[in-house]
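Spelled out from the first residue to the last, the chains are:
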Amino acid sequence: MSIGELLRPRTTVDLTKRPRRLRSSAAMRELVREHAVRVGSLVQPLFVVDPGQPQGEISSMPGVFRYTVENVAAECRELAALGIKAVLLFGIPDFKDSVASSAHDPAGVVQRAIRAIKRDVPEMLVIADLCNCEYTDHGHCGILDEAGDVDNDATLELLGRTALSYAEAGVDVIAPSDMMDGRVGYLRATLDGSSFGSIPIMSYAVKFASAFYGPFREAADSTPQFGDRRTYQMDPANAREALREALIDLDEGADFLIVKPALAYMDLIRAVKEISDVPVACYNVSGEYAMVKAAGRNGWIDENRTIDEILTSFVRAGADIIITYFAKSYAQRHRT
Ligand SMILES: [Zn+2]
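Residues numbered from 1 in each chain as written. Predicted model: local features only at pLDDT ≥ 70, side-chain atom pairs only at ≥ 80, totals over all residues. Heavy atoms only, no water.

The next thing to look at is the coordination of the zinc ion. Tetrahedral coordination by four donors places them ideally at 109.5 degrees to one another around the metal; octahedral coordination by six donors ideally gives 90 or 180 degrees. Protein coordination at the zinc ion: the donors are Cys131 (SG), Cys133 (SG) and Cys141 (SG), at 2.2 to 2.3 Å from the metal. One chain supplies every donor to the zinc ion, and in sequence these donors are spaced C-x1-C-x7-C. On the criterion of sequence distance, the pair formed by Cys131 in the loop between β5 (125-130) and α5 (152-169) and Cys141 in the loop between β5 and α5 is long-range, its members being 10 residues apart. Its relative accessible area of 2% is what places Cys131 among the buried residues. (Donors = N, O, S within 2.8 Å, 3.2 Å for Na, K, Ca; no water. Helix = DSSP H or I, 4+ residues; strand = E, 2+ residues; numbered from the N terminus. Buried < 20%, exposed > 50% of the residue type's maximum accessible area, 1.4 Å probe, protein only.)

Moving on, we get to the pattern of salt bridges. On inspection of all chains with the given rule, the structure shows 18 salt bridges. Among the salt bridges present, the one from Arg112 reaches Asp50, with a minimum N-O distance of 3.2 Å. You can see Arg112 sitting in helix α4 (residues 109-120) and its partner Asp50 sitting in the loop between β1 (42-49) and β2 (56-58), a full 62 residues away along the chain. The exposure class assigned to Arg112 is partly exposed, which follows from its relative accessible area of 26%. On the accessibility criterion, Asp50 (11% relative accessible area) is buried. (Salt bridge = Lys/Arg side-chain N within 4 Å of Asp/Glu carboxyl O.)

In this section: the nonpolar core. If you look at the biggest cluster of nonpolar residues, it comprises 110 residues, and the most contacted ones within it are Phe47 and Leu89. Sorting elements by how many residues they give to this core places α5 first, with 7 residues. For Leu89, the contacting residues outside a window of four places in its chain are Leu46, Val48, Val110, Ala113, Ile114, Ile117, Val126, Ile127, Ala128 and Asp129. (Core = buried A, V, L, I, M, F, W, Y, C linked by side-chain atoms within 4.5 Å. Contact = heavy atoms within 4.5 Å.)

Let's shift gears to helix α11 (residues 303-317). For α11, built from 15 residues, the straight-helix expectation of 21 Å at 1.5 Å per residue is met to within 8% by its first-to-last C-alpha distance of 21 Å. Among all positions of α11, only Glu303, Thr306, Ile307, Asp308, Ile310, Leu311, Ser313, Phe314, Val315 and Ala317 are buried. Buried residues belonging to α11 abut α9 (266-275), β9 (280-284), α10 (286-297), β10 (321-324) and α12 (327-333). Backbone nitrogen of Asn304 and a side-chain oxygen of the N-cap are separated by 3.3 Å at the start of α11; the cap is Asp302. Of the residues flanking the end of α11, it is Gly318, one or two places downstream, whose phi is positive at about 120°. (Expected span 1.5 Å × (residues − 1). Polar contact = N/O pair within 3.5 Å; in protein donor to acceptor, adjacent residues only side chain to side chain.)

Written as structure tokens, this is what we have:
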């Protein structure tokens, strides 16, 4: 038997369908590309510190920095020049106590940062993460009751006070990330009752108790001093509960929904997209960032191709907005 006979298909194969025709050249692939990442849909998270806190690069997140109020606006100016439209602020205060007093201080670190950015780069959309864990000495996201559990309803009042102080500083969007029940409705009513009815709420509606947050806790100095966050953040095993959380937040008036983390939860980005009529964001978290950077530095993966593939996959999964530490470097590499 000749080689030709050996290779000839022995069963009937339908070769009228040849998808490879549409992959034949770079131009063809560009023509038929279904999804693309828009720089305008990326949100850059920024860590802003009080003067007594360490600044500079975060060791577990190479390329990500902690800024002072004095230099965060300059960073925003650079981001704006690259086409980035929005930043998400996290504050690291000098003073922490059991009731997160500095979270709603009108002269707090995030409040000052909002004012500095809106003064120097007014076109930049400033989203403020709203949570207490960076401001409590115990590191939990809410006020503790006598048993040491997070007191949901007492925490709402604190969130409302902080949201108002961000609004007064000029924030564009409030993003509650604590996973307390009822906080979207409570914040909506609080803002509406204080002439801030036009400020949207971007809810971390679906937020899991995830191991992928590790490097963030170094960055934000927000590790719980005891226990963990599993009584308020979601169990990674639950998908139907994620949809319930999303529907509750929609019902309470959320203007955006966030799924966090992103990479291990793409099924839920898609599922939340399908049941909602508001923009869906995903948060490509610190551990997802750190894994790519570590493997890239070791030469184990092609870092830039990996980043592009990950961000594109979020769009394919249905994300309208991507919160990612890669935003700036992606924009730098894809300058038009
Ligand atoms: Zn928190």
